[in-house]
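Examining the three-dimensional arrangement
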Amino acid sequence: MRRLIPLAVIPALLLPAAPASAHPTPPSGPTATGYGGAVASVDPTATAAGLKVLRDGGNAVDAAIAVAATLGVTEPFSSGIGGGGFFVYYDARTGRISTLDGRETAPRTMTETAFVDPATGAPYAFQEARVSGISAGIPGSLATWDTAARRWGTRPLSAALRPAADVARQGFTVDATFAQQVTDNAAAFSQFGPTAQLYLPGGAPPAAGSTLRNPDLAATYDLIARRGVGAFYGGEIGRDIVGAVQHPPVAASPARPWPYAIRPGGMTLDDLRAYDVRSPAPTHVGYRGYDVYGMATPSSGGSTVGEALNLLERSDLRKLDKVQSLHRYLEASALAFADRNRYVGDYTPRPLLDALLTDGYAAERACQIDPARAAAKPVAPGVPDGRYGRCASTSGGAAPDLGLSTTNLTVADKWGNIVEYTLTIEQIGGNGIVVPGRGFLLNNELTDFNFTPTQGTAPDPNLPGPGKRPRSSMAPTIVLQHGKPLLAVGSPGGSTIITTVLQILVNRLDLGMTLPEAIAAPRASQRNTATVTAEPAFIGSPEGQGLAALGHTYTPMAEIGAATGIEFLPHGKLLASAEPVRRGSGSAGTVR
Ligand code: GLU
C-alpha cells in the first residue's frame, strides 16, 4: 500500500546567493593548533558552530551536540536525527571514559528473513532493501544528544538545536561534495515527493555555490527544542516517521526510473516510544603503553581495532621496515575481521567480546602472520576459549561492506573533556525518504544486518531480529598515555572505518607520523577479503609495490574514510586535524 504524493512545484528553496547569516564565520583549513578547546569535523559551518559554543563557555559535550545538529543540516546525507551513532566521552574530572550507543534498532516485528524476498526466497538486491521502509531502524541520534546533554552537558539540548535551526532557515552554501551526493542519489531521491522537493528543486541537484534552505527541518528542530524529544519518540514527529516507513511517500510520477519495488516497513509509534540509549563500558586494550578505548557492541569498531592492535603488539613495528609494518597491519586486520564476522553482533556476550581482546588470544592468533607472505584470504576465525597456544587452520570469511556515508567529529574543551562521535544514516542519503513536512532523511541502517547467514553451519551473530541493533563498524577511539589524553580519532567508511582508525593509530603511534600526516597518508584496507582495498596512491607507492611482492593484491578505491581527530600536546596545546583532501576536505579549529 503506497501513499502517492504529487511532486508539486514548490517555492524555490534554492536561491542564487547566500544572505548574511547569524551563524559564525567558518574556520578554514583542515589543521589547527591552539588552546582553549578544539573542534574537527567534515564541515566548516559545523566546526564553527562547535567553536562558538566553546567560546561561549559550553563544554565539549555541548559543542559536540551543536556540531552534530548542524551536520544534520549541512551534511544531511551522512547524518541527522533520522539516524544513529556512537558517542565516546572522556571526563577530565573523573578521568573516566563512557560511551553512548545510539544505534538504530529494528522494530519489534522484524524477522530473521526480513531481507529475503518471500516471492523468490532470495535476498533483496541491496538497493531494493535500502530504498524502502524495511531498512529504517528506530533512530537514535536525537536520544543520544538528549542523554549526553543531561548527563554531561552544561546546557539543554534546545541550546544546540536553535542555532542549527537558524542554519537550516537561513540557508547554507552547497559545496561540490553535497551536489555530487545528490547527483549520485538522483534516481532514489526522485521516487519520493518530499525528498525530490527538498534536494532536487526544479528537478535537478542544487549547484555547488548555491544556497539551500530547509525550513521544514528548522521547524522540526524548533519543535523539539520547545517540547523535548518526546515530540519525536512518540509524538507528532514520530507519527510522521511511522507514516513514512509504513507508507513510503512515493511520487506520483517520478522524474527518473527506479528498477525496484519500494517496500513498506513495520516500524510503529510504540517502537519509537521504546527506544533507549545504552551505555556499555568501552572496550579497552593496552598497546605499547597506551590505553586505547573504543566502542563495544553493537559496534564491532572497538573490538576489531583492539584485537588488531593486540596482534600488532606482538612485533615491534618501529624496528621493522615500512613494508613489513604495513604487511603486519594488513594481516592483523584480516585476522581480527575473521573474528568480528564470526562472533560480533548485538547479542555477543560481553565475556566473549572481552576474550577477543586478551593478550593470550592475540599470542595464538598472531602466529598465523607469516612475515614472508600474505595469507590466502579469507582466513578462518579463531577460538577465544581461554585455552591458547596452538595455531588454528584457515578457511572461511564474509562479505565486505564498503560504506561511504557517515560522519565523524572530535571536540575537546578547556577543561580537558573530549567527545569522539561517529554518526550516520548508513548509505549516503540513507533510505532516500525525507519524512513529509519534517525535512530530514530516514536511515537505512537495518541493511547493516546480514541478509542471510554468512557463517556456514556456525551461527551468524548479525542476522536481523526484533528489537535488535545491526552490527556497526563505527570506531570512535580515545587513546590515553599514563592516564592522560593523547589522541582522539574516528572516521566514516562502513567496514573500512575499522581499518582507517587502525591505520591512523599505527601511523601515529608506530610509524613516526604526526596526526595530520597520519590522517593524510594513503590508505589500504584488508577486511579478510581476497584483495586489499586501497587508494591509488597507496598501490603506487614503494610500500604498496613491496606488499604486492609479498602476495597482497589490490582493488583500487578512490577514497577510503574521512577522519577527524585531536592530539593533546604538552602544556594544554591542541592539534585538531581533519582530512586535507578526502570528501572535499574537512575543517578544524581551536578556541585560541
Ligand atoms: N552503517 C555503517 C556502520 O555502522 C556505517 C556506514 C558508513 O560509514 O558508510 O558501520
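Residues numbered from 1 in each chain as written. Predicted model: local features only at pLDDT ≥ 70, side-chain atom pairs only at ≥ 80, totals over all residues. Heavy atoms only, no water.

Thoughts on the packing of helix α13 (residues 322-343) against helix α16 (residues 496-509)
Two elements in contact, α13 and α16, have axes whose closest approach is 11 Å; the angle formed by their N-to-C orientations is 145 degrees. Considering how the two elements wind past one another, α13 and α16 form a crossing that is right-handed. Where α13 abuts α16, its residues Leu326, Tyr329, Ser333, Phe337 and Arg340 lie against Ile498, Thr499, Leu502 and Gln503. (Axes fitted to C-alpha atoms, helices over the stretch in contact; angles between N-to-C directions. Helix = DSSP H or I, 4+ residues; strand = E, 2+ residues; numbered from the N terminus. Left-handed = near helix turned anticlockwise from the far one by under 90°. Contact = heavy atoms within 4.5 Å.)

What to know about the pattern of salt bridges
By the definition in use, this model includes 29 salt bridges. Among the salt bridges present, the one from Asp448 reaches Arg103, with a minimum N-O distance of 2.8 Å. Here Asp448, found in the loop between β13 (418-424) and β14 (477-481), pairs with Arg103, found in the loop between β6 (96-102) and α3 (126-130); they are 345 residues apart in sequence, far enough to count as distant. When sorted by exposure, Asp448 lands in the same class as Arg103, which is buried. (Salt bridge = Lys/Arg side-chain N within 4 Å of Asp/Glu carboxyl O. Buried < 20%, exposed > 50% of the residue type's maximum accessible area, 1.4 Å probe, protein only.)

Quick word on the confidence of the model for the protein chain
The share of residues in the protein chain with pLDDT of 70 or more is 93%, and the mean pLDDT across the chain is 93. The model gives residues 1-23 a pLDDT under 50, and that stretch makes 51 contacts with residues more than four places away or in other chains. Here residues 393-399 is a poorly scored stretch, pLDDT under 50, and it has 19 contacts once near neighbours within four places are set aside; other chains count. (pLDDT = per-residue confidence, 0-100.)

Re the packing of aromatic side chains
Enumeration according to the criterion identifies 17 aromatic pairs in this entry. A centroid spacing of 5.6 Å and a plane angle of 65 degrees characterise the contact between Phe172 and Phe178, whose relative ring orientation is edge-to-face. Overall, the relative accessible area of 3% leaves Phe178 in the buried class. Taking 6.3 Å as the distance between ring centres and 75 degrees as the angle between the ring planes, the aromatic pair formed by Phe538 and Tyr554 counts as edge-to-face. Placement of Phe538 in helix α18 (residues 536-539) and of Tyr554 in strand β18 (residues 554-556) is noted, with a sequence separation of 16 residues between them. (Phe/Tyr/Trp six-rings, centres within 6.5 Å; stacked < 30°, edge-to-face > 60°.)

Observations regarding the sheet that holds β6
Strand order in the open sheet formed by six strands is β6-β5-β13-β12-β4-β21, with antiparallel pairing between adjacent strands. Edge strands, defined here as strands with exactly one partner in the open sheet, are β6 and β21 (587-590). Neighbour-to-neighbour, the strand axes of this sheet turn through a mean angle of 10 degrees, independent of strand direction. Here four bridges tie strand β4 (residues 37-41) to strand β12 (residues 407-413), and the two strands are oriented antiparallel to one another. Note that in β12 the partner of Gly37 across the bridge is Asp413. Its contacts with the sheet put helix α1 (residues 44-55) on β4, β12 and β21, and the angle it makes with β4 is roughly 160 degrees. Along the sheet face, helix α2 (residues 60-74) touches β4, β5 (84-91), β12 and β13 and points at about 155 degrees away from the line of β12. (Pairing = 2+ DSSP bridges.)

Quick word on the site of the ligand
Near the ligand, the surroundings consist of 15 residues, among which Thr406, Glu445, Asp448, Ser473 and Gly494 are the closest. A distance of 2.8 Å separates a nitrogen atom of the ligand from a polar atom in the side chain of Glu426. The contact in question runs from an oxygen atom of the ligand to an N or O atom on the side chain of Ser472, over 2.7 Å. Here the ligand loses 100% of its free accessible area of 300 Å² to cover by the protein chains. Tallied by class, the residues present in the shell around the ligand amount to four nonpolar, seven polar and four charged. (Near = heavy atom within 4 Å. Polar contact = N/O pair within 3.5 Å; in protein donor to acceptor, adjacent residues only side chain to side chain. Areas by Shrake-Rupley, 256 points an atom, 1.4 Å probe, with all protein chains shown as cover. Nonpolar A, V, L, I, M, F, W, Y, C, P; charged D, E, K, R; others polar.)

Section: the sheet that holds strand β17 (residues 532-534)
On the basis of which strands lie adjacent, the open sheet formed by three strands has the order β16-β17-β18 and mixed pairing. Strands at the two margins of the open sheet, each flanked by one partner only, are β16 (524-525) and β18. As judged from the three bridges shared by β17 and β18, these two strands associate in the parallel manner. In the sheet register, Val532 faces β18, and the bridge partner there is Tyr554.

Here's the deal with the pairing of β5
With eight of eight residues buried, β5 lies mostly within the body of the structure. The pairing of β5 with β13 spans seven bridges and is classified as antiparallel. For Gly85, the partnering residue across the bridge sits in β13 and is Leu423. Note: β5 against β6, seven bridges, orientation antiparallel. Across the sheet, residue Phe87 finds its bridge partner in β6, namely Leu100.

A word on unusual backbone geometry
The residue after Thr297, namely Pro298, is reached through a cis peptide bond having omega 15 degrees. Residue position: Pro298 is located in the loop between β11 (290-294) and α12 (301-312). At the junction of Lys377 and Pro378, the peptide bond is cis and its omega measures out at 0 degrees in the coordinates. Of note, Pro378 is situated in the loop between α15 (359-366) and β12. At His482, a position not held by glycine, the phi torsion is positive, near 50 degrees. Here His482 shows up in the loop between β14 and β15 (484-490). Judged by its relative accessible area of 71%, His482 is exposed. Notably, Ser585 is not glycine yet its phi reads approximately 75 degrees, a positive angle. Its place among the elements puts Ser585 in the loop between β20 (574-578) and β21.

Quick look at the environment of Gly85
Assignment of secondary structure puts Gly85 in strand β5. A relative accessible area of 0% means that Gly85 is categorised as buried. The spacing of Gly85 and Pro476 is 391 residues in sequence and 9.7 Å in space, taken between C-alpha atoms.

Notes on the side chain of Gln526
The residue Gln526 is located in the loop between β16 and β17 in this model. A distance of 2.6 Å separates the side chain of Gln526 from the backbone nitrogen of Asn528, its partner in a polar contact. Other than its neighbours up to four places away in sequence, Gln526 contacts Leu330, Ser333, Ala334, Phe337, Lys377, Thr499, Thr531 and Val532.

Brief notes about the environment of Gln481
Along the chain, Gln481 falls in strand β14. Separated by 314 residues in sequence, Gln481 and Val167 place their C-alpha atoms 39 Å apart. Discounting chain neighbours no more than four positions away, the residues touching Gln481 are Tyr290 and Leu486.

As for the pairing of β13
Buried residues dominate β13, accounting for seven of its seven residues. Residues Ile418, Glu420, Thr422 and Thr424 point to one face of β13 and Val419, Tyr421 and Leu423 to the other, with burial holding for every one of them. Across six bridges, β12 lies against β13 in antiparallel orientation. Paired with Val411 across the strands is Val419, a residue of β13. Where β12 folds back onto β13 in an antiparallel hairpin, the turn is made up of four residues, including Gly416, whose phi is positive at roughly 100 degrees.

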